[in-house]
Amino acid sequence: MLEWENGLRYIAEGEPAWEPGTETGYHAITFSWIAGGIIQYADGRHIQQVLEEEIVRPLGLEGEMYIGIPEGVEERLATLQTAQEQAAREGQQAQTRAAMFQLPPDHDFFKAMPPNLGWNFNDMRVRRACLPAANGHFTARALAKMYAALANGGVVDGVRLVSKERIGLMSAIQTEAPDRVLVMPMVKSIGFFNGGVLMGQHGAMGPRKAAFGHPGAGGSIAFADPEVGLAVAVTINKMQTTLQAEGPTFEICELIRTELGLNR
C-alpha cells in the first residue's frame, strides 16, 4: 500500500466487487489510487505535483499542505495519539458494530477497514508515502482556505481554483442510499460526503445538503457550505472513535454555526 505504482496497478487490474452504478461503498484506502490515478493519466502529472502547482502555491499555502511529506518537515509534525487503549476501544467499536448489524467476518466493512492494517500513521514510511485517501498532512488553516474557495464560487483572495459552475457539479447529490461498507444511509456527491439531516440529526457539516467535504479518521474534517459562504476545517491529534467526526469536532462545528447564526 505504500508504493504508489503498485497501488495504481492494483486498481487497474482489479475487478469491481459489484456492478458499477448499482451501489456504493466507502473506499478507506483504495480511493487514493482511483482519484490519483485518474488525475495522473488524464493530466500527466503526479497528484503531489498537481496539488503543489494548482492549489498550494496559488493560495500561498507552502509548507502547510502535503500528501506524503517531503524531507525536512519531520519536527513540525503532530503525533497522533493512538495508544493501545484507544486501539482496544476501536476494536471494541468494530465488534459492537458487527454485533449490532450482525456483520459476518467477510463483510465489506472489514474489507475496506481491516481492524489492523499492520502499520500506524505515525510511522515515517507511512507519512512519506502517497495515500491521498488517508495520509494528507495539513494545517487547519490550509484546508479551510482551500475549502473557502469552494464556498465562495470557486475563488478566494482573488485566486480561482474552479469555475462557479463546477461547484454545483462537485456538490450535487448522487445517492442517499445505505453504504455497503458503513452500513448506514450516506448523503454523497462525487468524491465527497454532504451535510443534511440524516436519521433525524445533522452531522458536523451541518443541516444543509449543499455542504460538502469529508471527515478524516479520528475526527478531523474539512468542508464548504456554499449556500452560506462558510468553510470550516478542524484537525486534531487525539484520535476519536468516530465515523463522521462526532464528538469534539462536531461540537466545534456546531459552535461556529451557532455563533454566526447559520445553524438552521
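Cut-offs used in this document
Residues numbered from 1 in each chain as written. Predicted model: local features only at pLDDT ≥ 70, side-chain atom pairs only at ≥ 80, totals over all residues. Heavy atoms only, no water. Pairing = 2+ DSSP bridges. Helix = DSSP H or I, 4+ residues; strand = E, 2+ residues; numbered from the N terminus. Contact = heavy atoms within 4.5 Å. Axes fitted to C-alpha atoms, helices over the stretch in contact; angles between N-to-C directions. Buried < 20%, exposed > 50% of the residue type's maximum accessible area, 1.4 Å probe, protein only. Salt bridge = Lys/Arg side-chain N within 4 Å of Asp/Glu carboxyl O. Polar contact = N/O pair within 3.5 Å; in protein donor to acceptor, adjacent residues only side chain to side chain. Parallel < 35°, antiparallel > 145°, perpendicular 65-115°, else oblique. Nonpolar A, V, L, I, M, F, W, Y, C, P; charged D, E, K, R; others polar. Arc of directions from axis to C-beta.

Considering the sheet that holds strand β9 (residues 221-225)
Link 1 in the chain: Taken together, 4 strands build an open sheet; the order of strands is β5-β8-β9-β10 and the sheet is antiparallel. Bordering the open sheet on either side are β5 (193-194) and β10 (230-234), each of which pairs with just one other strand.
Link 2 in the chain: Of the strand pairs in this sheet, β5 and strand β8 (residues 212-215) are connected by 2 bridges, and their pairing is antiparallel. Among the inter-strand pairings, F193 is bridged to a residue of β8, identified as G213.
Link 3 in the chain: Across the sheet, helix α9 (residues 248-260) touches β9 and β10, and the angle it forms with β10 is around 150°.

A look at the pairing of β9
Regular strands show a simple pattern: their side chains alternate between the two faces of the sheet.
Link 1 in the chain: Where burial is concerned, most of β9 is hidden: 5 out of the 5 residues are buried.
Link 2 in the chain: Here β9 shows no split at all, with I221, F223 and D225 on one side and A222 and A224 on the other all buried.
Link 3 in the chain: Here β8 hands over to β9 after 5 residues, with G218 in that stretch at a positive phi of 90°.
Link 4 in the chain: Inspection of the sheet shows β9 paired to β10 by 5 bridges, in the antiparallel sense. Each residue of the ladder has a partner; that of D225, found in β10, is L230.

Quick notes on the pattern of salt bridges
Link 1 in the chain: Per the counting criterion, the structure on display carries 16 salt bridges.
Link 2 in the chain: As a salt-bridge pair, E254 and R257 come within 2.9 Å of each other at their nearest N and O atoms. With E254 and R257 both in helix α9 and 3 residues apart, this pair spans about one turn of that helix. R257 shares its class with E254; the two are buried.
Link 3 in the chain: By sharing partners, the salt bridges in this structure join E23, D108, K111 and R180 into a single network.

Re the side chain of E64
Link 1 in the chain: Along the polypeptide, E64 turns up in the loop between α3 (47-56) and β1 (65-67).
Link 2 in the chain: Of note is the side chain of E64, whose polar atom sits 2.6 Å from the side chain of T139.
Link 3 in the chain: Not counting residues within four places of it along the chain, the set of residues in contact with E64 comprises H137, F138, T139, R141 and A142.

Regarding the packing of helix α1 (residues 4-12) against helix α2 (residues 31-43)
Link 1 in the chain: Viewed as axis vectors pointing N to C, α1 and α2 meet at an angle of 100°, and their least axial separation amounts to 9 Å. Classed by the angle they form, the pair α1 and α2 counts as roughly perpendicular. The residues of α2 that touch α1, namely those facing W4, E5, G7, L8, Y10 and I11, are S32, W33, I34, G36, G37, Q40 and Y41.
Link 2 in the chain: Partitioned by chemical class, the residues of the contact of α1 with α2 number 7 nonpolar, 5 polar and 1 charged.

So, helix α8 (residues 164-171)
Link 1 in the chain: Of all the positions in α8, only I167, M170 and S171 are classed as buried. Projected down its long axis, α8 shows its buried positions confined to an angular sector of 80°, all on one face.
Link 2 in the chain: In the core, the buried residues of α8 are packed alongside α7 (140-151), β5 and β8.

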